[in-house]
Amino acid sequence: MNTFKELNIIAPILTALEGLGYQTPTPIQFQAIPSVLAGKDLLGCAQTGTGKTAAFAIPILQNLHNRKVNHKGIRALILTPTRELAIQIDENFKEYSTQLKLRHAVIFGGVNQFSQVQQLKRGVDILVATPGRLLDLMNQKIIAIDKIEIFVLDEADRMLDMGFIHDVKKVLSVLPPKRQTLFFSATMPKSIQSLADSMLNYPVKVEVTPESTTAETIQQALYYVDKPNKNKLLSELLATEIDDSVLVFTRTKHGADRLVKYLDRQHVSAAAIHGNKSQNQRQAALEKFKNKGIKVLVATDIAARGIDIDLLKYVVNFEIPNIPESYVHRIGRSGRAGATGSAISFCDVEEIPYIQDIEKTIGISIPVKEFKDVTIPSGVVAKLSNTNTKGGSAKASGAPKKKKTTSAERRRKNYAKA
């Protein structure tokens, strides 16, 4: 059995890891850490929940600790798409560096910059940032990144989905050309590969799982249900089958709020996190959920990126995402680090093309279930029957044409709604 000690991790970091109960590195950690320690560029493809953050945080801490420098500038920059993920990464750096004298900070938008600026003025070795706030503080001459030794672009696919590609390129144009670059993405379509090729210098490639696959530890289920009956189905499952906390995904902010109001009327404790909520509101809701203060956390895709909840058992896709990779990311919130999980999806007749795309992408058919009096709607039966008898896709069988989701512009519009 492989251990962190075998990876030549220094004693201060090993002590911190042991205090956290970490002894055996995950596959991506075991493969990535030696290359990062050796100073090589790295291209990592791994789905969420594989231990990716530690795969770059641990060797970054060790390399910075071992290298002595005379300047006081920022030495490592981790760029990530969402506030939640940035906070989570910063917390990980804090946990792993308790025995080191390296300073770290996190900056993100949506809150007053004062406290973040004060911390930066005290000096920071490692900075975790979202693109907007980073560029804002750079424009104000508060941050300089010309002495960066290590640059990490995390969740690159989500960066592109959220329309951050131009911000990323602005940051890249200011970084010193001589640096170590670590590039991580859950999926590796051509657009992501092109971006990686432009950033990396003879990188080591680490791919833990095949592109766009779901973890085997997650049990998936699909319910065909009319849109008006989705609320009822969720209530029934919460009352009879879902016996623990559940993360529920909606496609839009307004949909998340409507669902929380409905659950409140059903006397089910729930809260929503999305782009219209303040950072304090989002953090308060997340803490309540982690501490079992509420049973249901309703989230949009963007807000949920970076949520790290130990042993989360249930994820519900109240609405089916129109991008297959989003389905993989969503259900990957459960079944993390080898634990078992359950992913339940509600599909109405208009969402059938999305499910077909998802099944094609993940390479399996999601088992279909029925629940008591919430049966498969006749419209769904007709659509599925029509599709099967004609031997084509739902699009070919007369179903409404699905909007194209391959262009960055279309995806930005979809995520703007969240």
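Residues numbered from 1 in each chain as written. Predicted model: local features only at pLDDT ≥ 70, side-chain atom pairs only at ≥ 80, totals over all residues. Heavy atoms only, no water.

Below, the discussion takes up the sheet that holds strand β12 (residues 314-317). Within a sheet, adjacent strands bond to each other through the backbone by hydrogen bonds, running parallel or antiparallel. In spatial order, the strands read β10-β11-β9-β12-β13-β8-β14; together these seven strands make up an open sheet with parallel pairing. One side of each edge strand has no neighbouring strand; the edge strands of this open sheet are β10 (270-273) and β14 (368-369). Direction of pairing for strand β8 (residues 218-224) relative to β14: parallel, over a ladder of two bridges. Residue pairing across strands places Tyr223 opposite Lys369, the latter belonging to β14. (Pairing = 2+ DSSP bridges. Helix = DSSP H or I, 4+ residues; strand = E, 2+ residues; numbered from the N terminus.)

On to helix α8 (residues 165-174). Think of an α-helix as 3.6 residues a turn; residues three or four steps apart then line up on the same face. For α8, the complete set of buried residues consists of Ile165, Asp167, Val168, Val171 and Leu172. With its buried residues spanning 160 degrees around the axis, α8 presents them on a single face. Structural note: α8 exposes His166 and Ser173 on the side pointing more than 90 degrees away from its buried face. For α8, the elements touching its buried residues are β2 (76-79), α6 (131-139), β5 (150-153), α7 (156-161) and α9 (190-199). (Buried < 20%, exposed > 50% of the residue type's maximum accessible area, 1.4 Å probe, protein only. Arc of directions from axis to C-beta. Contact = heavy atoms within 4.5 Å.)

Right, let's talk about the packing of helix α4 (residues 83-96) against helix α12 (residues 279-290) for a bit. Closest axis-to-axis distance for the α4/α12 pair is 11 Å, and the angle between their directions is 60 degrees. With respect to α12, the axis of α4 lies oblique. In terms of crossing hand, the pair formed by α4 and α12 is right-handed. Residues Arg83, Glu84, Ile87 and Gln88 of α4 pack against Gln279, Arg282, Gln283 and Lys290 of α12. Per-class residue counts for the contact of α4 with α12 are one nonpolar, three polar and four charged. (Axes fitted to C-alpha atoms, helices over the stretch in contact; angles between N-to-C directions. Parallel < 35°, antiparallel > 145°, perpendicular 65-115°, else oblique. Left-handed = near helix turned anticlockwise from the far one by under 90°. Nonpolar A, V, L, I, M, F, W, Y, C, P; charged D, E, K, R; others polar.)

With parallel pairing, seven strands are arranged side by side in an open sheet as β3-β4-β2-β5-β6-β1-β7. Of all the strands in the sheet, just β3 (104-107) and β7 (204-207) have a single pairing partner and so form its edges. With strand direction ignored, the average angle separating the axes of adjacent strands in the sheet is 10 degrees. Sheet topology note: the β2/strand β4 (residues 126-129) ladder contains four bridges and is parallel. Its bridge partner lying in β4, Ile78 is registered against Val128.

Residue position: Ser334 is located in the loop between α14 (324-331) and β13 (341-347). In terms of polar contacts, Ser334 uses its side chain to reach the backbone carbonyl oxygen of Ile331, at 3.1 Å. Ser334 has contacts with Ile218, Leu312, Lys313, Val315, Gly341 and Ser342, leaving out every residue within four places of it along the chain. (Polar contact = N/O pair within 3.5 Å; in protein donor to acceptor, adjacent residues only side chain to side chain.)

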